[in-house]
Amino acid sequence: MAQTERQLDTSPRISDEIRKTTCYMCACRCGIDVHLKDGAPVYIEGNRDHPLNRGVLCAKGAAGLKQVTSPARLRAPMRRVGPRGSGEFEEISWEEALQTAVDWLKPLRETAPEKLAFFTGRDQSQSLTGWWAQQFGTPNYAAHGGFCSVNMAAAGIYTLGGSFWEFGSPDWEHAKLLLLFGVAEDHDSNPIKMGLSQLKARGAKVVSINPVRSGYSAIADEWVGITPGTDGLLILSLVHELLRAGRIDLRFLAHFTNAPVLVDCDPKSESYGLFLRDAEGRMQVIDAQTGRPAPWDAEGVEPKLTGHLRRAGITHRSVMQMIAARYMVPEYAPEAVAERCGLPAERIRWLAAELARAAFEAPVELDQPWTDFRGRAHRTMPGRPVAMHAMRGVSAHSNGFQTCRALHLLQSLLGAVETPGSFRFKPPYPKPPEAHPRPHAQARPGQPLDGPPLGYPLGPEDLAVDETGAPLRIDKAFSWEAPLSVHGMMHMVIANAVAGDPYRIDTLFLYMSNMAWNSAMNTAGTMEMLTAQDEAGDYLIPRIIYSDAYRSEMVAYADLILPDTTYLERHDCISLLDRPVSEPDMAADAIRWPVVTPDRDVRPFQSVLLELGARLGLPGMWQDGAPVYADYADYITNHERKPGIGPLAGFRMGPHGLQDGRGTPNAAQLDSYIAQGGVHGIPVPPEAAYYKPWNRAYQDWAVATGLLEKPAPYLVQLWSEPLRRFQRAAEGQGTRQPPEALRPRIAAAMEPLPTWSAPLSEGFEDPAEYPLHAITQRPMAMYHSWGSQNPWLRQIHGVNPLYVPGVWWRELGLSEGDWLRVISAHGEITVPAARMEAQSEGVVWTWNAIGKRKGAWGLDAAAPEATKGFLLNHLIPELLPERGDGRRWSNSDPVTGQAAWFDLRVRLEKTPPPPEAQPAFPPLWRPA
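The text that follows walks through the structure, step by step, so that each part is easy to find. From a predicted model like this one, the values you see are computed outputs, not experimental measurements.

### With respect to the pairing of strand β9 (residues 177–181)
- Buried residues dominate β9, accounting for 5 of its 5 residues.
- A two-sided burial pattern is seen for β9, the buried positions comprising Leu177, Leu179 and Phe181 on one face and Leu178 and Leu180 on the other.
- Sheet topology note: the β9/strand β10 (residues 205–209) ladder contains 5 bridges and is parallel. If you follow Leu178 over to β10, its bridge partner there is Val206.
- Handedness of the β9-helix α5 (residues 189–202)-β10 crossover: right-handed.
- Across 5 bridges, β9 lies against strand β21 (residues 386–390) in parallel orientation. Each bridged residue has a counterpart across the sheet, and for Leu179 the counterpart in β21 is Met388.

As structure tokens, then:
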């Protein structure tokens, strides 16, 4: 009798419903399908129809399932009942919590709005939170960018009109060489992995410049193990070699950068270092056809790179001549920089040759006509197939701003900006600093600010300082200490508030900002500052309001807790007004929506913020005796930043029905997004796909879509006039000048051409005493500290040893299982060690944000994260040592205020294993 083969169901149905939304396990914001069974989430996979990730999902994204069931979730509003830092709370009702917040905030708004400091972490609703701060009237608002990657963002916008990652992307389809600088694996990971796969399949070459060979560096064709903080020096040496060999794109430089613009070169002139302009303020070039000066944007003009002019006794030369004079000097030769960079001179010449070979021996040309802003018609789109991408590794240094500018100079010399095969902008960029608002900081009782608290200064007149030059913001952003701090300086808020420098605040309002642990330099010192009291026993920061979804270390230091939902339980708006999910060929925004219902007494922070605004009577949130918005979903649908422009660009109402970009609010807009997988894209026309800043078709499309108010072509700013304006002030020019003590620092930092200087900390540390550089990286599996409470992700990264290169492993006589004392000029830690050969010899490193404090995140007190995990943060001061003038400056980039996390130097000592990693702190009380 024949045996019947058993039929197996190889694809069992695991759910009875699928809801599509947007991931929030990192800032990539991929589309996800959330599988529900009986209303509960059981599985998360990638949305195959999503334009960003096209179904690809990483371990973080799949593990988001466990965030919604985490025992660390906050369950109800809480009020502190024990000493600050003890973690002792009592649960209260939402009515009591909101009334308490109003009772604290209302008197401040009516008398001194600046005494509220409102700072948010890695949230994605900054267009709302910034608007709320503006309506409250406080200048003291910012998000996490100041201690993340503001150098990269600011340098990109001031130079190119856009930056890497969220506002730009490699041309994965046409690039033949990709250069990565300081890129870890946490940001934008799925698109980068998909792009790298595409490059590999086409046989393109990938070169990674990074002190550590992990992740992307491990699969690169070439790894360049550089000394931390010397990327800018390497880049300027590459510039030197390309100029010396004449391997630069003269056409691109002449037509699309300010290389041909004329600069006043007379040191005795009142406009020394500024551009020559006509009566209408337009920059002047020499037209190669006439030999006469002409406006840079005039119809048919042919800018001359070697132009010069003598007028009224003043000599003007082109920026290109200044570039040649600056970088074709021996100090940038490979032999001169090799030892400092930790690379052989031959390796630097090889890299310069690789760049030139890819750019000029195998150019790309697309058969696509287009018309430039001067009215010239082009039959094709030629390009240089050299793409570059950079992240925190080059940004988190005190020389990071100029390093990032140097990288943009390198791109421009190769013609590798917004051309086929190179770096491409993502809408709403390109957008130069002139298209952004200026910062506003003049607080007035009972009134909103005149404009947003964050912006892009164009000169000293835009600083947030009073008539004496004193900072108007508690973090000293936009002051002479950090003039272009376009993301604020969140890492300085607590220290300045406790010191009363420049003044005292009353209430610190934080959202998703773990300032009592991994989001703080000098972590132990920060915890002390949060609990510091005056002689009368009152806290130096009188009130702290905190909102988070989880029981982070910061919860214990708050006085009032407003519990947030998890990301699958709320609405979010990933807006073109903020940080969208665009790709170079598509303007795209997205939403999250409550795919599951909270089982706790929690509320979405954005909705809570709007209710607080209504109760406080803030303009735009309270009108005619009633709240303007019922909740955040109502705000997303009906708020207009200006007529016709709202948080979402899709499915707006026009005269003939639904339309994209501009339009009046549509009550069914969110439903339309949900039906489309939570995302909506507006394609960029093919004729507008490249050369966006100079392409008439793109400029017209951007106006029609609501990204621009009018066409606004511009030039890549290789010579930065805003920087020169600040430098002139330091030289004694103008009506607003810096304090005497800061003049040399500003004159050096604000060089209008990219420059390199050693990290500021090296002026205080003896390299012989602290011979090693110490850095952190975020792993692919952990983007934020909330990942290390996740039971799936903890199996990947439960501990984080200090990785030591072989030469030092042998020098110290280490064996597997040994521990080390790691000592900086600021402090010391004791941690487990591991050997790793794939890193620069002078570098030790570890994964970031794995270490936890006992009693936090719902973890057991014996969890490896709390006993063997650790932070390098304890070794990093927020202030540099006193300089001899009685002042201590922020441990930050002097241009942007970017926290200089990666300037850390240490020495190592072998030590007997302690019971647990040091420093250890008493366990936090764990509320139910």
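### Observations concerning the side chain of Asn790
- Residue position: Asn790 is located in the loop between β33 (772–777) and β34 (802–804).
- Among the polar contacts made by the side chain of Asn790, one reaches the side chain of Gln67 at a distance of 2.8 Å.
- Residues in contact with Asn790, not counting those within four places in the same chain, are Met25, Ala63, Lys66 and Gln67.

### Examining the nonpolar core
- Ranked by size, the top nonpolar core spans 283 residues in total, and within it Trp132, Leu410, Leu414, Phe509 and Leu908 carry the most contacts.
- Examining the composition of this core, we find that 9 residues originate from one element, helix α11 (residues 345–360), more than from any other.
- In this structure Phe509 touches Leu116, Ala117, Phe118, Phe119, Trp132, Ile545, Leu562, Phe605, Leu609 and Leu612, once residues within four positions along its chain are discounted.
- In terms of nonpolar packing, the next biggest core, distinct from the first, is built from 12 residues, Leu576, Ala587, Val703 and Leu708 among them.

### Examining the pairing of strand β2 (residues 31–37)
- Counting buried positions along β2 yields 6 of 7 residues, so the element is predominantly enclosed.
- In the sheet, strand β1 (residues 17–22) pairs with β2 via 6 bridges, with the strands oriented antiparallel. What sits directly across from Lys20, in β2, is Asp33.
- With 6 bridges joining them, β2 and strand β3 (residues 40–46) adopt antiparallel strand pairing. Counted as the bridge partner of Leu36 is Pro41 from β3.
- Between β2 and β3, which follow one another and run antiparallel, lie 2 residues, and Asp38 among them has a positive phi close to 55°.

### Focus on the environment of Leu772
- Secondary-structure assignment places Leu772 in strand β33.
- Residue classification places Leu772 among the buried positions, given a relative accessible area of 0%.
- The spatial distance from the C-alpha of Leu772 to the C-alpha of Leu904 is 8.5 Å, given a sequence separation of 132 residues.
- Once residues within four sequence positions are removed from consideration, Leu772 is found in contact with Trp808, Glu841, Gly842, Val843, Val844, Leu904, Arg905, Val906 and Leu908.

### Observations regarding a nonpolar patch on the surface
- On the surface, a cluster of nonpolar side chains totalling about 230 Å² of accessible area is made up of Ile14, Val42 and Tyr43.
- With respect to the helices and strands, the residue Tyr43 is situated in strand β3.
- For Tyr43, a relative accessible area of 37% corresponds to the partly exposed category.

### Focus on α5
- For α5, spanning 14 residues, the distance from its first C-alpha to its last is 20 Å, which sits close to the expected 20 Å at 1.5 Å a residue.
- Those residues of α5 lying buried are Ser189, Asn190, Pro191, Ile192, Met194, Gly195, Leu196 and Leu199.
- On the buried face of α5, the contacting elements are α1 (59–67), β9, β10, α6 (215–219) and β21.
- One or two steps after α5, the chain reaches Gly203, where phi turns positive at roughly 80°.

### Brief notes about the packing of aromatic side chains
- As enumerated under the stated definition, the model contains 32 aromatic pairs in all.
- Directly above the ring of Tyr539 sits Arg84, whose terminal nitrogen or CZ lies 4.1 Å from the centroid.
- The ring of Tyr429 has Lys431 lying over it, and the distance from NZ or CZ to the ring centre is 5.1 Å.

### Points about the environment of Ser607
- Within the secondary structure layout, Ser607 lies in helix α16 (residues 605–615).
- According to the relative accessible area criterion, Ser607 is buried, its value standing at 18%.
- Considered as a pair, Ser607 and Pro433 are 174 residues apart in the sequence and their alpha carbons are 31 Å apart.
- Here Ser607 is in contact with Asp631 and Tyr632, once residues within four sequence places are set aside.

### Some remarks on the packing of helix α7 (residues 231–245) against helix α13 (residues 400–413)
- Following both chains from N to C, one finds α7 and α13 inclined at 25°, their axes separated by 8 Å at the closest point. Taken together, the axes of α7 and α13 are roughly parallel relative to one another. α7 and α13 meet at a crossing whose hand is left-handed. Along the contact surface, α7 presents Asp231, Gly232, Ile235, Leu236, Leu238, Val239, Leu242 and Leu243, while α13 presents Thr403, Ala406, Leu407, Leu409, Leu410 and Leu413.
- When its residues are assigned to classes, the contact of α7 with α13 shows 11 nonpolar, 2 polar and 1 charged.

### Some details on the state of the cysteines
- Throughout the structure, instances matching the rule amount to 0 disulfides.
- The cysteine Cys30 is free of any disulfide, with Cys28 supplying the nearest cysteine sulfur at 3.4 Å.
- Under the relative-accessibility criterion, Cys30 is labelled buried at 3%.
- Cysteine Cys58 remains unbridged, with the sulfur of Cys26 as its closest cysteine sulfur at 5.8 Å.

### Topic: the pattern of salt bridges
- Applying the stated criterion to the full structure yields 58 salt bridges.
- Between Arg79 and Glu90 there is a salt bridge; the shortest N-O distance is 2.6 Å. Here Arg79 is found in strand β4 (residues 78–80), whereas its partner Glu90 is found in strand β5 (residues 89–91), with 11 residues between them in sequence.
- With relative accessibility at 33%, the residue Glu90 sits in the partly exposed group.
- Notably, a salt bridge pairs Asp564 with Arg570, separated by 3.2 Å at the nearest N-O pair.
- In this structure Arg570 comes out as buried when scored by relative accessible area, which is 3%.
- What emerges from the salt-bridge pattern is a single network uniting Glu769, Arg821, Glu828, Arg907 and Glu909.

### Section: unusual backbone geometry
- A cis amide bond links Tyr429 with the next residue in sequence, Pro430, at an omega value of 20°.
- Structurally, the position occupied by Pro430 is in the loop between β22 (423–425) and α14 (493–499).
- The step from Gln918 to Pro919 runs through a cis peptide bond, and the omega angle for that step is 5°.
- With respect to the helices and strands, the residue Pro919 is situated in the segment after β38 (905–911).
- One non-glycine residue, Ala849, lies in the positive phi region at around 65°.
- The residue Ala849 is located in the loop between β37 (843–847) and α23 (864–867) in this model.
- A positive phi is found at Trp857, a non-glycine position, where the angle reads about 65°.
- Structurally, the position occupied by Trp857 is in the loop between β37 and α23.

Rules used in this analysis
Residues numbered from 1 in each chain as written. Predicted model: local features only at pLDDT ≥ 70, side-chain atom pairs only at ≥ 80, totals over all residues. Heavy atoms only, no water. Buried < 20%, exposed > 50% of the residue type's maximum accessible area, 1.4 Å probe, protein only. Helix = DSSP H or I, 4+ residues; strand = E, 2+ residues; numbered from the N terminus. Pairing = 2+ DSSP bridges. Right-handed = clockwise from strand over helix to strand, strands pointing away. Polar contact = N/O pair within 3.5 Å; in protein donor to acceptor, adjacent residues only side chain to side chain. Contact = heavy atoms within 4.5 Å. Core = buried A, V, L, I, M, F, W, Y, C linked by side-chain atoms within 4.5 Å. Patch = residues over 30% accessible without salt bridge, like charges linked within 9 Å, V, L, I, M, F, W, Y side chains within 5 Å. Areas by Shrake-Rupley, 256 points an atom, 1.4 Å probe, with all protein chains shown as cover. Salt bridge = Lys/Arg side-chain N within 4 Å of Asp/Glu carboxyl O. Expected span 1.5 Å × (residues − 1). Phe/Tyr/Trp six-rings, centres within 6.5 Å; stacked < 30°, edge-to-face > 60°. Lys NZ or Arg CZ within 6 Å of the ring centre and 35° of its normal. Axes fitted to C-alpha atoms, helices over the stretch in contact; angles between N-to-C directions. Parallel < 35°, antiparallel > 145°, perpendicular 65-115°, else oblique. Left-handed = near helix turned anticlockwise from the far one by under 90°. Nonpolar A, V, L, I, M, F, W, Y, C, P; charged D, E, K, R; others polar. Disulfide = S-S within 2.5 Å.

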